Amino acid sequence: MMDKIGMVLLCIYGAVNLAVFLLYGIDKLKAKHDKWRIPEKTLIIAAVFGILGGLTGMMVFHHKTKKPKFSVGLPIILFAEAALTALVYYKLIK
């Protein structure tokens with residue numbers, strides 16, 4: 001069973017990913033209404049902290065899917081984070 005610290009970290013991770021997902025949705029809405037946009041750099045940095053939210057936001061809102069910076073870059077971030085997580089788990093935790 002997950003301890004309290006693990007549960008808190010999981011909740012924080014979920015909240016960050018939800019925020020990133022909403023950020024992608026807000027930017028798409030602004031794009032449709034020709035409003036001030038969230039800089040691409042901000043969207044990519046946000047995705048580093050909430051990659052699942054960023055990828056889900058791209059798919060759900062069909063946002064930035066044609067830009068290689070996002071369509072290739074975000075899956076690379078996902079792979080790098082998964083590899084780093086596995087390395088930390090196997091080298092430090094297990």
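Data block above holds the structure.
Residues numbered from 1 in each chain as written. Predicted model: local features only at pLDDT ≥ 70, side-chain atom pairs only at ≥ 80, totals over all residues. Heavy atoms only, no water.

For soluble globular proteins, the rule of thumb is that nonpolar side chains tend to be buried together. Judged by nonpolar contacts, Val-20, Tyr-24, Ile-38, Leu-43, Ala-46, Ala-47, Ile-51, Leu-55, Met-58, Phe-70, Leu-74 and Ile-77 together constitute the single largest core of 12 residues. At the level of secondary structure, the elements contributing two or more residues to this core comprise helix H1 (4–32), helix H2 (40–49), helix H3 (51–61) and helix H5 (73–93). Residue contacts for Leu-55: discarding those within four places in its chain leaves Leu-74, Pro-75 and Leu-78. (Core = buried A, V, L, I, M, F, W, Y, C linked by side-chain atoms within 4.5 Å. Buried < 20%, exposed > 50% of the residue type's maximum accessible area, 1.4 Å probe, protein only. Helix = DSSP H or I, 4+ residues; strand = E, 2+ residues; numbered from the N terminus. Contact = heavy atoms within 4.5 Å.)

Attention shifts here to the side chain of Glu-40. Its place among the elements puts Glu-40 in helix H2. On the basis of relative accessible area, Glu-40 is assigned to the buried category, the value being 19%. For Glu-40, the contacting residues outside a window of four places in its chain are Lys-64, Lys-67, Lys-69 and Phe-70.

Moving on: the pattern of salt bridges. Taken as a whole and assessed by the stated rule, the structure comprises four salt bridges. For Asp-27, the salt bridge identified is with Arg-37, shortest N-O distance 3.0 Å. Remark: Arg-37 occurs in the loop between H1 and H2 and Asp-27 occurs in helix H1; sequence separation between them is 10 residues. By relative accessible area, Asp-27 is classed as buried at 0%. Residue Arg-37 is classed as partly exposed on the basis of its relative accessible area of 32%. (Salt bridge = Lys/Arg side-chain N within 4 Å of Asp/Glu carboxyl O.)

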